[in-house]
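Structural features, examined
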Amino acid sequence: MTDRFPARVRTLEEELDQLRPAVALPPTPDIAGPVIERLRGAPPVTARHRPWLAFALAVVALLMFAAAAAAVAWAIGGVRLTFSEATPSPAPSAVASGRVPGEAVSLAEARGAVDFPILLPELDGLGTPDAVHLDRRRPSGGSVALIYGARPDYPADAAGVGLVITEFRADIGPEVFEKLVHSGVRVDETSVAGRPAYWVSGGAHFMFYRDASGRVVEETMRLVGDTLIWESSGLTLRVEGARSLEVARRIAASLR
Amino acid sequence: MVMVEARPLDDIGLVRAAQGGDMQAYEELVRRYQDLAFRCAFLVVRNAEDANDVTQDAFVRAFAALPRFRADAAIRPWLLAIVSNQARNHRRSRRRREGLVLRAGEDAPRGDAASAEESVLDRERRAELLAAIEGLREEDREVISLRWFAELNEAEMAALLHRPSGTIKSRLSRAMQRLRVALAADQEARTRD
């Protein structure tokens, strides 16, 4: 009798190991969504349709959770913020400090690729960015990062990046409050040209995307510093790397 | 797709936050473990719709049971025990029992003739193996598929099957022995043909 099996397969255990990826188990449906709906007894409120209700809920949550020393979650445009006093966790290995997602393109190319007007800061020394990164896929509608090298008000990080201004359409989503929490980062309410804004400061945190199924898109994970986030003209805008809130607000207010 | 400014918590942090009533933290926990729970539920009840019901019910129950869970304990066995309890309620389901099959394209040629031949052999052998597992009695089939297809360790299988670890170890050992016997019998039958 000829040996029907490859010589490298020696034990039944090894064969079963090799069989595993070949077995077609049914794909996992979305479990978390229906479970949370059942636990809440009603469909979740979405910020897309009711931004002010969501905001009010966030404030109520802040008051409740602050009293209970638990977590709060805030949302603005297409960004979710969370923090809490929970146990700090080790940094995920996927993080690359200073790496800005997207491909390097010219400003003109970026303008042609997204369906929103790209705003530029009109402050002295800024204006045309040193580099432009375009992510055509994330979030839907694309996102543009304007990257500036170090300036006196925003020193370079390890990757030589001084300031990053990120712009993308605000009406993206699944519009749910983010679930991730962090200790040591402050979130202060502020404003940019009369619009509500948040200043995330006091410690490094992560910026990343979640896909439609709620999974973290690992390659987008990036360690970032102090960040100002606000919404204007249907865009979600971030200024990251400014030395202080005052500087960040000056840059923000100059975007045209 | 949402952009997030945050820091992912570990399981302990999420459990503590969820115990404090943070639904976002609980949702994150469910997302972390829904794949494992669904796969195990399917391997026990063998119907995707039933497995979906079982997994959802298990996570709803788990939330209610969360205050009694010690945040620094291992979450996987605890969840699997709850999945198991829910799965028992579905054992009498009338839905069709779904057998395990190989993925489509497993026999796709890989280029040269030699590797194509090897691929067909691999495919045949895999089909034989899977058929032999599916032909085992339920108890053996369950323990082998949980060990090899859901990649559970003995403690997790023990939690899921509500049996002591030692019992699981000997049950798996006996199931593997019966699988060897079944495969040898298949081989013998083919040699005679």
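Attention in this report is confined to the structure presented alongside it. (Residues numbered from 1 in each chain as written. Chains lettered and ligands numbered in written order. Predicted model: local features only at pLDDT ≥ 70, side-chain atom pairs only at ≥ 80, totals over all residues. Heavy atoms only, no water.)

Moving on to the overall build of chain A. Looking only at helices and strands, chain A has five helices and 12 strands in total. Across the 256 residues in chain A, those meeting the buried criterion constitute 48%. Nonlocal contacts in chain A, meaning residues at least 24 apart in sequence, comprise 58% of its contacts between residues at least 6 apart. (Helix = DSSP H or I, 4+ residues; strand = E, 2+ residues; numbered from the N terminus. Buried < 20%, exposed > 50% of the residue type's maximum accessible area, 1.4 Å probe, protein only. Contact = heavy atoms within 4.5 Å.)

Okay, the side chain of His133 of chain A next. Mapping His133 of chain A onto the fold places it in strand β4 (residues 131-135). Apart from residues lying up to four places away in sequence, His133 of chain A is in contact with Val100, Pro101, Gly102, Glu103, Ala104, Ser143, Val144, Ala145 and Ile147 of chain A.

Our next topic: the pattern of salt bridges. For the structure shown, the criterion picks out 20 salt bridges over all chains. Notably, a salt bridge pairs Arg125 of chain B with Glu128 of chain B, separated by 3.4 Å at the nearest N-O pair. Residue Arg125 of chain B and its partner Glu128 of chain B are both found in helix α5 (residues 113-134); the two are separated by three residues, about one turn of the helix. The two residues Arg125 of chain B and Glu128 of chain B agree in class, both being buried. Residues participating in the shared-partner salt-bridge network are Glu15 of chain A together with Arg125, Glu128 and Arg190 of chain B. (Salt bridge = Lys/Arg side-chain N within 4 Å of Asp/Glu carboxyl O.)

Moving on, we get to the packing of aromatic side chains. Residues and elements named next belong to chain B. Taken as a whole and judged by the stated rule, the model has two aromatic pairs over all chains. Between Phe69 and Trp78 the ring centres are 4.4 Å apart and the planes differ by 35 degrees, which places this aromatic pair in the tilted class. Assessed through its relative accessible area of 8%, Phe69 is described here as buried. Directly above the aromatic system of Trp148 lies the positively charged group of Arg147, at a separation of 4.2 Å from the ring centroid. (Phe/Tyr/Trp six-rings, centres within 6.5 Å; stacked < 30°, edge-to-face > 60°. Lys NZ or Arg CZ within 6 Å of the ring centre and 35° of its normal.)

Attention now moves to helix α2 (residues 23-45) of chain B. All names here are of chain B. Helix length check: α2, at 23 residues, gives a terminal C-alpha distance of 29 Å against a target of 33 Å (1.5 Å per residue), a shortfall beyond 12%. For α2, the principal kink sits at Tyr33 and spans about 50 degrees. The element α2 is largely enclosed, with a buried count of 20 among its 23 residues. Where α2 starts, the residue carrying a side-chain oxygen 2.9 Å from the main-chain nitrogen of Gln24 turns out to be Asp22. Phi turns positive, to about 60 degrees, at Arg46, one or two residues after α2. (Expected span 1.5 Å × (residues − 1). Bend = angle between axes of the 7 residues up to and from the residue. Polar contact = N/O pair within 3.5 Å; in protein donor to acceptor, adjacent residues only side chain to side chain.)

General note: in soluble globular proteins, nonpolar side chains tend to be found buried as a group. In terms of nonpolar packing, the biggest core is built from 70 residues, with Tyr26 and Ile144 of chain B touching the most fellow members. In terms of residue count, the dominant contributor to this core is α2 of chain B (15 residues). Setting aside residues up to four positions removed in sequence, Ile144 of chain B forms contacts with Ile133, Leu136, Phe149, Leu172, Ala175, Met176 and Leu179 of chain B. With 30 residues, the next largest nonpolar core counts Leu120, Leu126, Leu163 and Val239 of chain A among its residues. (Core = buried A, V, L, I, M, F, W, Y, C linked by side-chain atoms within 4.5 Å.)

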